[in-house]
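# Survey of secondary and tertiary structure
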Amino acid sequence: MFSLHKISVSFIFVLLSLPATAGNPYRFTGGAAEAGAGYACAGKHDFWSSFQNEAILGVNRSFSAGVCYENRFSLAELSARSAALIVPAGRASLGGLFSDFGFEGLRRHTISLACGLPLSEKISSGVGLGYFIENCPSGYNDRMLITFGAGILVSASETVSIGIHIFNPGPGAIRKQYLPMTIRAGVAFLPSPRLYTALEAEMSTGNNLVIKTGFEYGTSERLWIRGGFRTENSSFSFGMGYRLKAMKIDAGFLTHERLGISSSVSVIFTIKQ
């Protein structure tokens, strides 16, 4: 028998999975560094950003691996665990991601394979294939979905990058099961090697436009601080990161005006530059 506690958490799962991810619970949003800067990362050259805009893989030429844990609103049942790997392959870079969200009674698994390739000195493109498995209580309404995303990254100058990404661009009319579409466009400004600022707009099927801003500042070569704001739920974010040789540790916090704080921590290992 499904307990009242799990039933209530299942209900919360359905309600919260959308606002926690800008209206699209299927699009990957992991990475504590990205969370600390309000997920304004469509143009950010970083490890976890490569799985939010596959075109970033085209400029990410390091053999690297990472793990991430996110605890939404201090509810263990709404936690997400992710592991990812980036492998340079000739002119391209390949990425693989596995993410697990939920608890034993209601769980979503995500498997993603991606590839990014520089088209010229200033333009990179990428595409990713996503496979989603949803396990519901007692096997009721289990779902398996396949979709893809594609993006482009333009280095407009030495200090400005523009990222555009679309997730699940296929027409909804041809699908037997509902899957939202998301479009993101962002501009990243890097006036110095230690300062990153970004402005981004995001729209998902059936939801309002979300504007995101974020920054990242290196107080030293090892320590970074971050902050951001999202118009969705009037959400502020903050975080920090520390680099120790080949390892980078990040922590991020994202607020919700009614539900509290979502926290995340991630570790990235750069195996080979």
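Residues numbered from 1 in each chain as written. Predicted model: local features only at pLDDT ≥ 70, side-chain atom pairs only at ≥ 80, totals over all residues. Heavy atoms only, no water.

## Details of the environment of Ser124
Take Ser124: it is sitting in strand 5 (residues 123-135). Between the alpha carbons of Ser124 and Ser155 there is a distance of 8.7 Å; along the sequence they are 31 residues apart. When neighbours within four sequence positions are excluded, Ser124 is seen to be in contact with Ala55, Gly58, Val59, Leu117, Pro118, Leu119, Gly151, Ile152 and Leu153. (Helix = DSSP H or I, 4+ residues; strand = E, 2+ residues; numbered from the N terminus. Contact = heavy atoms within 4.5 Å.)

## Some details on the pairing of strand 12 (residues 235-244)
Pairing analysis gives 8 bridges linking strand 11 (residues 223-230) to strand 12, with the strands arranged antiparallel. Across the sheet, Arg226 pairs through a bridge with Gly239, a residue of strand 12. The hairpin turn running from strand 11 into strand 12, its antiparallel successor, is 4 residues long, and Asn233 in that turn takes a positive phi close to 60°. Where strand 12 lies against strand 13 (residues 247-256), 8 bridges are found, and the strand directions are antiparallel. Opposite Tyr242, over in strand 13, you have Ile249 as the bridge partner. What sits between strand 12 and strand 13 in their antiparallel hairpin is a turn of 2 residues, with Lys245 showing a positive phi close to 55°. (Pairing = 2+ DSSP bridges.)

## Considering the pattern of salt bridges
Tallied over the entire structure, the rule returns 18 salt bridges. A salt bridge links Arg27 to Glu202; the shortest N-O distance between them is 2.7 Å. Placement of Arg27 in the loop between helix 1 (4-17) and helix 2 (32-36) and of Glu202 in strand 9 (residues 195-204) is noted, with a sequence separation of 175 residues between them. Owing to a relative accessible area of 6%, Arg27 belongs among the buried residues under this scheme. Among the salt bridges present, the one from Lys212 reaches Glu202, with a minimum N-O distance of 2.6 Å. (Salt bridge = Lys/Arg side-chain N within 4 Å of Asp/Glu carboxyl O. Buried < 20%, exposed > 50% of the residue type's maximum accessible area, 1.4 Å probe, protein only.)

## Things to note about the confidence of the model for the protein chain
Per-chain confidence: the protein chain averages 87 in pLDDT, with 87% of residues scoring 70 or above. In the model, residues 1-22 has pLDDT below 50 throughout and makes 44 contacts with residues more than four positions away in sequence or in other chains. (pLDDT = per-residue confidence, 0-100.)

## A word on the pairing of strand 10 (residues 210-218)
Along any regular strand the residues' side chains alternate between the sheet's two faces. Every second residue of strand 10 is oriented toward a common face, the buried set being Val210, Lys212, Gly214, Glu216 and Gly218 and the non-buried set Ile211, Thr213, Phe215 and Tyr217. Bridge analysis of strand 9 against strand 10 gives 8 bridges, and the strand direction is antiparallel. From the neighbouring strand, Thr197 faces strand 10, where its bridge partner is Phe215. Joining the antiparallel neighbours strand 9 and strand 10 is a turn of 5 residues, in which Gly206 adopts a positive phi near 80°.

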